[in-house]
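# Understanding the architecture of this molecule
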Amino acid sequence: MFVQPTMSDVNQQQAQPLKRELSFLDLIIIGVVGAVGTGILFSAAAMTGIAGPGSWLGWLLGGIFYLFIGLTFAELVTTYPEAGGPSRYALYTHGWFTNTINSLADLIWYIFIPPIEAFAVVDGLSIFNSGLVTSSGAPTLLGGAIAAVLMLFMVPFNYFGIRAFGRSTVIFGIVKLFFFIAVGIGLAALVYKGANLTAYGGFLPFGFSGVFLAIPFAMFAFGGIRVLPDYAEESKKFRKLPLAIIIVVIGQLLIYLFLDWVFVTGIDWNRLGIPVGSWSGVGAISGNPFITIAHSYNSTLILVFTIIIGIIGPFIVGYIYLGGGSRILFAQGRTRIMPNIMKYVHKKYSVPYWALLILALIGGILAFVSAPIPSIYGLIEDAVVAGYLGFAVNPVALVVSRRQGATRFRIPGGIIIAPIAFISASLIIFWSGWTTVNYAVAILTVGVVIFGLILPLVRNTYRRDFKHVANSLWYILYIVFMLGMTYIGSDGALNILGFYEATAVVVIVSVAVFFPFGVLSGLKQKMDNPDYATISEVEEGEPIVLT
């Protein structure tokens, strides 16, 4: 029998604190295994199809770019160690409306990733049932239905408390990493075709433009550190979060460089049925490329290991991101972007359970209704672009937070790191191309209209929420600029500017115009509105501090 909750129950659910249970090791394992999954399994082939052996350089540059972005997280997370923190940093530095745009961009990233990982699991299962995917690698209706069910299976890993989440992730994560490394070593020992690195058009058959165009696929794979700040409020060692972020980025990068090298040198053109030296044919491999290569060599043990990582690898990434995404919705509930139900915390397990369940439901619906229309590569691109539109705010927030005097820990060289991180985010967006950016901006625009414009008018909170709309002008114009550059660039509809010329324009305008514009648009004092406060701010009168 359903019992209507009383107002006392509702208030208690909103005031229930999150528990600080994640250790330093938990954070590192969560960050690494939360990245090593679909990104390397599918992106390696997509990147090689665009850049040839130069895909290895794409991974390296992508890791460097992401390190700069990660360092901005490292500084801000120690100042604001909140659940879903990156989706609230802009609130303190630029006000509610900027934060709404920023956090919705983050949310799109998190909405896409669990279904992507579910699709990847389905692709791994397709070796047992070919009816789960089409010839192009997209899921069939049956595959989409299984992906939707997998979304529900991800819920229990997050529902029964953060301690259970951390312990299960460490155990499964270590097993997962063992299989990934074992597959890499096995393929390298089984076959090594060094000629693939230089014989077919050289190491850079498509020039540096191919490397740059491949980087957005790599950036999807580096998303593991993004979840660390989201779990900051549930972490025991706040001061070690910057070190954890750096370790995770470097750890991911080393794994990706190794596996990409194994992939490129493991290509046997004849066995795969690809014309010798046709790199674009590698990018067209349907299904999980590592499973395809292992299967082509008739190595039972490696094939079994590859199937295992093709199934458990993406699933673990999916449930980690489902948990991280629930913290984004939780943060948006605190900021009054989403309804109050998003910040309800389970009285026993201390998790934002409504945010978790709603995100899983959305992901399940998305997984089912999107099959078999989009390819997994298209979903990867869309998720990356939306995420980096959100990430671009944080380097600006870092500088503004310093000017406000709110920063508690300063990354050495932060005044240089911030603009480089801003440029990095801009380039990743631009290199993703017109079609992808156009789609991501369209989704973001719809979200902003509903939650940033219509909802405040309906609930009559527009005087409070629109107070700092002027401070968001730089961000709106920046998104329009990025959209326009992809339209007129070499990968756009007009092709007015060549690739290198357009890239130079993006770099110069980003760092010379929009970065300082964003800094100057920051609030003089940290936003301090009790309507948007966290529980700790309401109860203690100040943000959570490091101890």
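Just so you know, these numbers come straight off a predicted model, no measurement behind them. (Residues numbered from 1 in each chain as written. Predicted model: local features only at pLDDT ≥ 70, side-chain atom pairs only at ≥ 80, totals over all residues. Heavy atoms only, no water.)

### Regarding the overall build of the protein chain
- In terms of regular secondary structure, the protein chain is built from 25 helices and zero strands.
- Here the C-alpha coordinates of the protein chain stretch approximately 65 × 60 × 40 Å along the principal axes.
- Within the protein chain, buried positions represent 63% of all 547 residues.
- Long-range contacts, defined as pairs at least 24 residues apart, comprise 84% of the intrachain contacts of the protein chain with a sequence gap of at least 6.
- Split by element, the accessible area of the protein chain, about 19,400 Å² in all, is 69% carbon and sulfur.
- Mean positive and mean negative side-chain charge positions of the protein chain (29 and 24 charges, respectively) differ by 7 Å. (Helix = DSSP H or I, 4+ residues; strand = E, 2+ residues; numbered from the N terminus. Buried < 20%, exposed > 50% of the residue type's maximum accessible area, 1.4 Å probe, protein only. Contact = heavy atoms within 4.5 Å. Areas by Shrake-Rupley, 256 points an atom, 1.4 Å probe, with all protein chains shown as cover. Lys, Arg positive; Asp, Glu negative; His and termini not counted. Charge placed at Lys NZ, Arg CZ, Asp CG, Glu CD.)

### Points about helix α10 (residues 207-221)
- The end-to-end C-alpha distance of α10 is 23 Å, a good match for the 21 Å that 15 residues give at a rise of 1.5 Å each.
- At Ile 215, α10 shows its largest bend, some 35 degrees, and a proline, Pro 216, comes one to four positions later.
- In terms of residue burial, α10 counts as a mostly covered element, since twelve of its 15 residues are buried.
- When α10 is considered as a whole, its buried residues turn out to be Ser 209, Gly 210, Val 211, Phe 212, Ala 214, Ile 215, Pro 216, Phe 217, Ala 218, Met 219, Phe 220 and Ala 221. (Expected span 1.5 Å × (residues − 1). Bend = angle between axes of the 7 residues up to and from the residue.)

### Some thoughts on the side chain of Ser 55
- With respect to the helices and strands, Ser 55 occurs in helix α4 (residues 55-79).
- Classification of Ser 55 by relative accessible area gives buried; the value is 0%.

### Some remarks on the pattern of salt bridges
- Under the definition given, this model contains twelve salt bridges.
- Ionic pairing is found between Arg 402 and Glu 75, a salt bridge with its closest N-O pair at 2.8 Å. Remark: Glu 75 occurs in helix α4 and Arg 402 occurs in helix α19 (residues 393-404); sequence separation between them is 327 residues.
- Exposure remark for Glu 75: the relative accessible area of 1% places this residue in the buried category.
- In the salt-bridge network here, residues are joined through shared partners; they are Arg 459, Arg 464, Asp 465 and Asp 531. (Salt bridge = Lys/Arg side-chain N within 4 Å of Asp/Glu carboxyl O.)

### Quick look at the nonpolar core
- Ranked by internal contacts, the top residues of the largest apolar core, which has 177 residues, are Ile 40, Trp 59, Met 219, Phe 263, Tyr 388, Leu 444 and Tyr 478.
- Of the residues forming this core, the biggest block, 17 residues, is contributed by helix α6 (residues 96-125).
- Setting aside chain neighbours within four positions, we find Ile 40 in contact with Trp 59, Phe 180, Ala 221, Tyr 256, Leu 259, Asp 260 and Phe 290. (Core = buried A, V, L, I, M, F, W, Y, C linked by side-chain atoms within 4.5 Å.)

### Brief notes about a nonpolar patch on the surface
- On the surface, Val 446, Val 449, Ile 450, Leu 453, Ile 454 and Val 458 cluster together into a nonpolar patch covering about 500 Å² of accessible area.
- Considering the arrangement of structural elements, one finds Leu 453 in helix α21 (residues 434-458).
- We classify Leu 453 as partly exposed; its relative accessible area is 35%. (Patch = residues over 30% accessible without salt bridge, like charges linked within 9 Å, V, L, I, M, F, W, Y side chains within 5 Å.)

### Comments concerning the packing of aromatic side chains
- On inspection of all chains with the given rule, the structure shows 44 aromatic pairs.
- Ring centres of Trp 109 and Tyr 388 lie 5.9 Å apart, and the angle between their planes is 70 degrees; this geometry places the pair in the edge-to-face category. Of this pair, Trp 109 sits in helix α6 while Tyr 388 sits in helix α18 (residues 376-391), and the two are 279 residues apart along the sequence. For the pair Trp 109 and Tyr 388, a shared accessibility class is recorded, and that class is buried.
- Arranged with centres 5.2 Å apart and planes meeting at 25 degrees, the rings of Phe 165 and Tyr 231 form a pair that is stacked. Within this pair, whereas Phe 165 is found in helix α9 (residues 162-190), its partner Tyr 231 is found in the loop between α11 (227-230) and α12 (241-265), the two being separated by 66 residues in sequence. Of the two residues, Phe 165 and Tyr 231, both sit in the buried class.
- Members of the aromatic cluster, joined through ring pairs, are Trp 59, Tyr 66, Phe 73, Trp 109, Phe 222, Tyr 256, Tyr 388 and Phe 391.
- Of note, Lys 240 hangs over the ring of Phe 24, and the distance from its end group to the ring centre comes to 5.2 Å. (Phe/Tyr/Trp six-rings, centres within 6.5 Å; stacked < 30°, edge-to-face > 60°. Lys NZ or Arg CZ within 6 Å of the ring centre and 35° of its normal.)

### Remarks on the environment of Thr 93
- With respect to the helices and strands, the residue Thr 93 is situated in helix α5 (residues 89-94).
- Its relative accessible area of 0% is what places Thr 93 among the buried residues.
- For the pair Thr 93 and Ala 406, spaced 313 residues apart in sequence, the C-alpha to C-alpha distance is 9.7 Å.

### Concerning unusual backbone geometry
- Notably, Arg 336 is not glycine yet its phi reads approximately 65 degrees, a positive angle.
- Secondary-structure assignment places Arg 336 in the loop between α16 (300-334) and α17 (353-370).
- Although it is not a glycine, Asn 460 sits at a positive phi angle of roughly 60 degrees.

### Brief notes about a positive patch on the surface
- The grouping of Arg 167, Lys 236, Lys 237 and Lys 240 at the surface amounts to a positive patch.
- Mapped onto the elements of the fold, Lys 240 is located in the loop between α11 and α12.
- Since its relative accessible area comes to 39%, Lys 240 is described here as partly exposed.

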